[in-house]
Amino acid sequence: MELSLARVDYLQVGVTAQKTMRLLPASGRRATQKVVVGDQDGVITCFGIKKGEAVPVFKTLPGQKIARLELGGALNTPQEKIFVATGSEVRGFTKRGKQFLSFETNLTESIKAMHISGADLFLCASYIYNHYCDCKDQHYFLSGDKINDVLCLPVDKVNCITPVLACQDRVLRVLQGSDLLYEVEVPGPPTVLALNSGNGGDSGEEIVFGTSDGKLGLIQITGSKPIPKWEIGNEKKRGGILCIDSFDITGDGVKELVIGRDDGVLEIYSFESADDPVLRYDHALSESIASIQGGCVGKDGYDEILASTYSGWLTGLTTEPVYREGGSAEELKLSQEMQSKISSLRNELEHLQIKVLQEREKYQQSSQSSTAVSSVPAFSVNDKFTLNKDDASYSLILEVQTAIDTVLVQSDVPLDLLDVDKNSAVVSFSSCDSEPNSNFLLATYRCQANTTRLELKVRSIEGQYGTLQAYVTPRIQPKTCQVHQYQIKPLSLHQRTHSIDHDRPMNTLTLKGQFSFAEIHSWVVFCLPEVPEKTPAGESITFYFQNTFLGTQLESTYRKGEGCFKSDNISTISILKDVLSKEATKRKINLNISYDVNEESVRHTLKLIHPKLEYQQLLAKKVHLIDALRELQVHEGNVDFLLPKYRSILEEADQLLEEYKKQPAHLERLYGMITDLFIDKFKFKGTNVKTKVPLLLEILDGCDQDGLIAFFESA
């Protein structure tokens, strides 16, 4: 059966954070539920829907921004008490809006994640987890990386308290008291956790997780080890997952999985067989979905999925038909209810237009007076700068609570801007100065009306590091702009991984000197992405990385006074040596640097690069032939006389051009990497081979792997 849902926009509150909207339990079966939402102005709004209109139940005064909103109550009773986390405080409200709890925690940082189970309260700041029972401190845990979400398995089913932390280093940490029980590796940085079917499944141990790179999975958390059940990749390259719920929207007795993503896509997965879930329905909203829940909101007897978006819109996808059936399609007429709603909206719109004109006149008068004070309007920007493993590029996502006018992108390091399908903005490039320490990239994106979300893609060159800046100007008066900065790190294309292949030929760089554990950790944070800023607990630490462009790897182990870095790519070792030496020199620390170069590693890296090089050279050759072949086709009328390989180029011309357009300078990047590899190999031997680079480029044009390896070995 095809799932047919109609969109309804109910109300707009302030900007909302992840997991800050819930539906209060219904008084009867399939009766309408009240909605409670907390925004970043610190306001909690509770409302119900009557005759299609939002009717307020209560609204609190503004305060500190609300980071989380959860429902609680005694176990096995309706969960209708409202708890919000603001700063380091947790407040409790009844369903009527009366405050009954104000609990100031001992956390020094703001609360980022919260879970409530009966009298147990689980709170997380960036790295710290705290468990309270009846507001008394019970357990504490310091995580190795940032905590994005927290959950506890249902106590009534599992008979013990089992908290699970979703951590940025692609790990779920399962706790017992204040101790780590075990870690579960997941395919991406987990951003959200939810109990399967809302209750942990039959065993109560099943947890659904969503990652920032859009992957979804189910894991059974047993008392001794994790059991992975299923995992869904992100084949359609959609946004990261921000919220998950389980709800039976089809009415077949089996709960569907409802997903909200940061690119505004809402998905419903059904379990048609006992195996993996199948995508049943999707709907695209124009901004990221911060919270999602299934229930009955608009009308008795009609289920729906309610989503709250970043800018505070509460939008429902309801099973209630939009039109009343009235015979044939031509005779369909809007219901009386719909007509009265349109009429009231028109009146409201006229009233708002008059109000805007009055306020504008008031502003003009006050700005021209002798005592005028210029006021800059404040606006929120939700930004995300992440490395994509699939195409070794960085995604910069900018989301503003109001429409974006322009975004100026500036960089002091060489970057390639890549095409993004979802991006409808018009981009124009400005010429840059050729002087040192100047701009390498200046581009302006002019957005179409009502664009609140912009996605850009850039690719960096390893070894060249600096800052990317985005100047965001929304469509508000007076004109104002916010600048956001993003660091391009020396080894920017490296991504954290759980393990590496130790059988590869490795080059080793060893540092020794009078530096502390915190100092060498700060150098590693400066060099590599996805390393927690907080110095790790313990005396030493090991991180593993993989180069997303080439597939080479890096192992970094360090402690106070000593650091050891191993990689199968000699260029990675060369970059680390240069940057770490520079950082140590800045702090006037003497370093004793030693290295062990494995000759076999150069051949190994060339073999990794060569298939990519061959593919890109072939693609470039095909693209250069397209115009000539199309001209032949126009003159001759048909192309039957052409060889099959040329006919296939013509048939695939659009796809080839699209792929080539998406990967500008890809071939030049590969040439650059092989040239760097050549120079770095001989740099460690104390030989300058820059004069031989033109000869190397000639061999690269020939695309002969054996000839290339022979040139490296004979030079």
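Residues numbered from 1 in each chain as written. Predicted model: local features only at pLDDT ≥ 70, side-chain atom pairs only at ≥ 80, totals over all residues. Heavy atoms only, no water.

The name an unreviewed UniProt entry assigns to the protein chain is BBS7 protein, from the organism Caloenas nicobarica.

Participant: Outline the overall build of the protein chain, supporting the account with residue identities and numerical values.
Facilitator: Across its full length, the protein chain holds 10 helices and 43 strands. Against the globule reference of 27 Å for 715 residues, the protein chain gives a C-alpha radius of gyration of 29 Å, in line with a compact fold. Summarising its shape, the C-alpha atoms of the protein chain cover approximately 85 × 75 × 70 Å along the three principal directions. Of all 715 residues assigned to the protein chain, the portion counted as buried reaches 50%. If you take every contact in the protein chain between residues at least 6 apart in sequence, the share linking residues at least 24 apart comes to 57%. (Helix = DSSP H or I, 4+ residues; strand = E, 2+ residues; numbered from the N terminus. Rg over C-alpha atoms; globule rule 2.2 N^0.38 Å. Buried < 20%, exposed > 50% of the residue type's maximum accessible area, 1.4 Å probe, protein only. Contact = heavy atoms within 4.5 Å.)

Participant: I'd like a description of the pattern of salt bridges, backed by residues and values.
Facilitator: If the charged atoms of two oppositely charged side chains come close together, the side chains can form a pair. By the definition in use, this model includes 31 salt bridges. Taking the shortest distance from any N to any O, the salt bridge between Glu599 and Lys685 comes out at 3.4 Å. On the criterion of sequence distance, the pair formed by Glu599 in helix α5 (residues 599-636) and Lys685 in the loop between α8 (666-683) and α9 (693-702) is long-range, its members being 86 residues apart. A residue is classified by how much of its surface remains accessible, and Glu599, at 41% relative accessible area, is partly exposed. Salt bridges sharing partners connect three or more residues here, namely Asp145, Asp169, Arg173, Glu183 and Arg496. (Salt bridge = Lys/Arg side-chain N within 4 Å of Asp/Glu carboxyl O.)

Participant: Can you tell me about the layout of surface pockets, naming the residues and giving the values?
Facilitator: Considered as a void within the structure, the second largest pocket measures approximately 1,300 Å³ in volume. Lining the second largest pocket we find 47 residues, and of these Arg22, Leu195, Gly198, Asn199 and Asp245 sit closest to its centre. Contributions of two or more residues to the lining of the second largest pocket are made by β2 (21-23), β6 (66-72), β10 (113-117), β14 (147-152), α1 (155-158), β18 (190-195), β22 (241-247) and β26 (289-295). The biggest single contributor to the lining of the second largest pocket is β22, with five residues. Classifying every residue of the lining of the second largest pocket gives 21 nonpolar, 16 polar and 10 charged. (1 Å grid on protein atoms, 1.4 Å probe; cavity = no way out; pocket = protein on both sides within 12 Å on 5 of 7 lines; lining within 4 Å. Points joined across faces, edges and corners; volume = space filled by probe spheres on them. Nonpolar A, V, L, I, M, F, W, Y, C, P; charged D, E, K, R; others polar.)

Participant: Go over the environment of Gln485 with me, naming the residues and quoting the values.
Facilitator: Tracing the backbone through its elements, the reader meets Gln485 in strand β37 (residues 482-488). Given the relative accessible area of 51%, Gln485 is considered exposed. Taking the C-alpha atoms as reference, Gln485 lies 33 Å from Gly513; in sequence the two are 28 residues apart. Look past the residues within four positions of Gln485 in its chain and what remains in contact with it is Thr467, Leu468 and Gln469.

Participant: Describe in detail the packing of aromatic side chains, supporting the description with residues and values.
Facilitator: In total, this model carries 12 aromatic pairs according to the counting rule given. Centroid distance Phe103 to Tyr132: 5.1 Å. Interplanar angle 85°. Geometry classified as edge-to-face. Placement of the pair is Phe103 in strand β9 (residues 99-104) and Tyr132 in strand β12 (residues 128-133), with a sequence separation of 29 residues. Accessibility assignment for this pair places Phe103 and Tyr132 in one class, buried. Aromatic side chains Phe385 and Tyr394 sit 4.8 Å apart centroid to centroid with 15° between the ring planes, which places their arrangement in the stacked category. (Phe/Tyr/Trp six-rings, centres within 6.5 Å; stacked < 30°, edge-to-face > 60°.)

Participant: Please set out the environment of Glu652 residue by residue, giving values where relevant.
Facilitator: Its place among the elements puts Glu652 in the loop between α6 (644-651) and α7 (653-662). Expressed as a C-alpha distance, the spacing of Glu652 and Leu24, which sit 628 residues apart in the sequence, is 55 Å.

Participant: So, the sheet that holds β26: which residues are in play, and what are the values?
Facilitator: Whether parallel or antiparallel, the strands of a sheet pair through hydrogen bonds between backbone atoms. The sheet built from four strands is open, its strands ordered β1-β28-β27-β26 with antiparallel pairing. With partners counted over all chains shown, the strands left at the sheet margins are β1 (6-12) and β26, one partner each. Averaged over all pairs of adjacent strands, the angle between their axes in this sheet comes to 20°, without regard to strand direction. Alignment of strand β27 (residues 304-309) against strand β28 (residues 313-318), held across five bridges, turns out to be antiparallel. When the sheet's bridge partners are listed, Glu304 is paired in β28 with Thr318. (Pairing = 2+ DSSP bridges. Axes fitted to C-alpha atoms, helices over the stretch in contact; angles between N-to-C directions.)

Participant: I'd love a proper account of the pairing of strand β11 (residues 120-124), names of residues and values included.
Facilitator: With five of five residues buried, β11 is to be regarded as a mostly interior element. Because side chains alternate across β11, one face comprises the buried residues Asp120, Phe122 and Cys124, and the other comprises Leu121 and Leu123, equally buried. Two strands pair when backbone bridges link them, and β10 and β11 are joined in this way by five bridges, in the antiparallel orientation. Of the residues in β11, the one forming a bridge with Met114 is Leu123. The turn linking β10 back onto β11 is made up of two residues, and Gly118 within it adopts a positive phi angle of 60°. Summarising the sheet, β11 and β12 pair through five bridges and their orientation is antiparallel.

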